[in-house]
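# Remarks on the overall topology
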Amino acid sequence: MAGPSFRFVCLAGALEGAPGDWAREMLREGEVALLPGDGGLAAVNEIAGALELPAVLVVRGEPAADAQEETVIAYAGELPLVWAAAEFSDRARAWARERGPMTLLVEATGPLSPGERARIARFVAVLGRQSE
């Protein structure tokens, strides 16, 4: 793969309990970057092990919510983005609507539900069809 076709950012805990095959299949064309959250690097390590990934990217944690959003926005760059977080500011929502690349914001306070995972999978499938 020359490079990722999209980026996926979430707290490590959002992938807790997700079927490993779901995440591996979804991320075949993308790149996951985790926010350690309260679990710290131990949570990142646990998720990487569960997904059988030898390495994962970690997004720098920020002390304030607005600074954290800016860091994720900077990381997204010009690629489509799936971003799961507990909540999004009006500024982040406007950014997601107005940017060129497709963006999916998923509000999740814990592990992604089966419905949220299905929504993300549909988004990634649409991205895949657009790149064909």
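The text that follows walks through the structure, step by step, so that each part is easy to find. Only a predicted model underlies this, so the values are computations on that prediction, with no experimental measurement involved. (Residues numbered from 1 in each chain as written. Predicted model: local features only at pLDDT ≥ 70, side-chain atom pairs only at ≥ 80, totals over all residues. Heavy atoms only, no water.)

## Here we look at helix α4 (residues 90-98)
As a reminder, the rule being used: When accessible area is computed with a 1.4 Å probe and restricted to protein chains, residues below 20% of their type maximum are described as buried, those above 50% as exposed, and intermediate ones as partly exposed. Helix numbering and strand numbering both begin at the N terminus, where a helix is a DSSP run of H or I of at least 4 residues and a strand a DSSP run of E of at least 2. Here, two residues are considered to be in contact whenever any of their heavy atoms come within 4.5 Å of each other.
Along α4, the residues classified as buried are A92, A94, W95 and A96. Taken together, the buried residues of α4 touch α3 (65-76), β4 (81-85) and β5 (103-107).

## Some thoughts on the nonpolar core
Put simply, the test is: Among the buried residues, those of types Ala, Val, Leu, Ile, Met, Phe, Trp, Tyr and Cys that are joined through side-chain atoms within 4.5 Å form a nonpolar core.
If you look at the biggest cluster of nonpolar residues, it comprises 27 residues, and the most contacted ones within it are F8, L15, L112 and I120. At the level of elements, β1 (6-11), α1 (20-26), β2 (30-35), α2 (40-50), β4, β5 and α5 (114-130) are the ones that each hand at least two residues to this core. Ranked by the residues each element gives to this core, the list is headed by α5, at four residues. Setting aside anything within four residues of it in sequence, one finds L112 in contact with F8, A14, L15, W22, A84, V106, R117 and I120.

## Concerning the side chain of R117
Filter applied, for reference: The convention is simple: Lys and Arg are positive, Asp and Glu are negative, and His and the chain ends are not counted. The working definition used for a salt bridge is a side-chain nitrogen of Lys or Arg within 4 Å of a carboxyl oxygen of Asp or Glu.
Structurally, R117 is set in helix α5. Buried R117, no salt bridge; nearest opposite-charge side chain is E116, N-O distance 7.1 Å. Sequence-distant contacts of R117, that is, excluding residues within four places in its chain, are made with A18, P19, W22 and L112.

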